[in-house]
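# Tertiary structure, described
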Amino acid sequence: FSQTAHTHGGRFRFWHEFNYAKAHHIEAGADFFLMPSRFEPCGLNQMYSLRYGTLPIVRATGGLADTVANYDERTGDGTGFVLNDLNPGSLFDTIGWAVATWYLRPEHIVTMRRRCCRGVQTSMTTSVSSIPIEMYRSSSSLCLSSRLVR
């Protein structure tokens, strides 16, 4: 990763150390968040993604299944994209489904992001109020202004 970052510095970054603020900024600025966990008793990252309007792509397990409502192509309902089988084909298909939705049904992406940014997750039972408010404010303004209008 270090060599790729050096060779392609304008297009690729690599940080070896953990930085809480940077992690949240990256997650808040992403279009999708991939979390294909085998086991996940709770999972905070998908809840951060939901708060920031970054649509999660998750495997239906534990807390991920409890907090991410699968996208419905007919209605545009949902808060992310859920895969059931943890194998390369299922992961590939679900990522492809999310990307295809991005291009073919951008109005559904906008609706899901707005739903997530407003905190309207019908199946969410855990509070994400522990996210620092200043982090949320800076990220949500970015979410609601530049990313929703494409």
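The present account deals with the structure reproduced in this document.

## What about the sheet that holds strand β3 (residues 81-83)?
Within the open sheet, the 3 strands sit side by side as β1-β2-β3. Their pairing is parallel. The open sheet has two free edges, formed respectively by β1 (32-35) and β3, since each of these has just one partner strand. For this sheet the average axis-to-axis angle between neighbouring strands, irrespective of direction, equals 15°. Sheet topology places β1 next to strand β2 (residues 55-59); 4 bridges connect them, and they run parallel. The partner of F32 across the bridge, within β2, is L55. Relative to the sheet, helix α3 (residues 45-52) contacts β1 and β2, its axis offset from that of β1 by approximately 170°.

## Concerning the packing of aromatic side chains
Per the stated rule, a full pass over the model turns up 7 aromatic pairs. Ring geometry for F32 versus F81: centroids 6.1 Å apart, planes at 70°, classification edge-to-face. Taken as a pair, F32 in strand β1 and F81 in strand β3 lie far apart in primary sequence, 49 residues in all. Residue F81 is classed as buried on the basis of its relative accessible area, which comes to 0%. Measuring from centroid to centroid gives 6.1 Å for F32 and W102, while their planes differ by 65°, and the two rings are edge-to-face. Residue F32 is located in strand β1, and its partner W102 is located in helix α5 (residues 88-104); the two are separated by 70 residues in the primary sequence. Look at W102 and you get buried, because its relative accessible area is 15%. Ring-pair connections join several aromatic residues into one group, and the members of that group are F32, Y71, F81, W97 and W102.

## A word on helix α2 (residues 20-29)
Looking at α2, one finds that the buried residues are H24, E27 and A28. Across the axial projection of α2, the buried residues extend over an arc of 100°, all falling on one side. Where α2 starts, the residue carrying a side-chain oxygen 3.1 Å from the main-chain nitrogen of A21 turns out to be N19.

## Overview of α3
For α3, a buried count of 6 out of 8 residues is recorded, marking the element as mostly surrounded by other parts of the structure. Those residues of α3 lying buried are Q46, M47, Y48, S49, L50 and Y52. A positive phi of about 85° marks G53, the residue just after α3.

## Examining the pattern of salt bridges
A full pass over the atoms with the stated rule returns 3 salt bridges. In this structure, D31 and R113 form a salt bridge, with 3.3 Å as the shortest nitrogen-oxygen distance. A residue pair is termed long-range when its members are at least 10 positions apart, and D31 in the loop between α2 and β1 and R113 in helix α6 (residues 106-117) qualify at 82 residues. A relative accessible area of 0% means that R113 is categorised as buried.

## Brief notes about the pairing of β2
For β2, a buried count of 5 out of 5 residues is recorded, marking the element as mostly surrounded by other parts of the structure. The handedness of the β1 to β2 crossover, carried by α3, is right-handed. Here β2 runs beside β3; their pairing, made up of 3 bridges, is parallel. Bridge pairing in β3 links R59 to L83. As for the winding sense of the linkage, the β-α-β connection from β2 through helix α4 (residues 62-67) to β3 is right-handed.

Conventions we followed
Residues numbered from 1 in each chain as written. Predicted model: local features only at pLDDT ≥ 70, side-chain atom pairs only at ≥ 80, totals over all residues. Heavy atoms only, no water. Pairing = 2+ DSSP bridges. Helix = DSSP H or I, 4+ residues; strand = E, 2+ residues; numbered from the N terminus. Axes fitted to C-alpha atoms, helices over the stretch in contact; angles between N-to-C directions. Contact = heavy atoms within 4.5 Å. Phe/Tyr/Trp six-rings, centres within 6.5 Å; stacked < 30°, edge-to-face > 60°. Buried < 20%, exposed > 50% of the residue type's maximum accessible area, 1.4 Å probe, protein only. Arc of directions from axis to C-beta. Polar contact = N/O pair within 3.5 Å; in protein donor to acceptor, adjacent residues only side chain to side chain. Salt bridge = Lys/Arg side-chain N within 4 Å of Asp/Glu carboxyl O. Right-handed = clockwise from strand over helix to strand, strands pointing away.

Any link to function would need more than the numbers given here.
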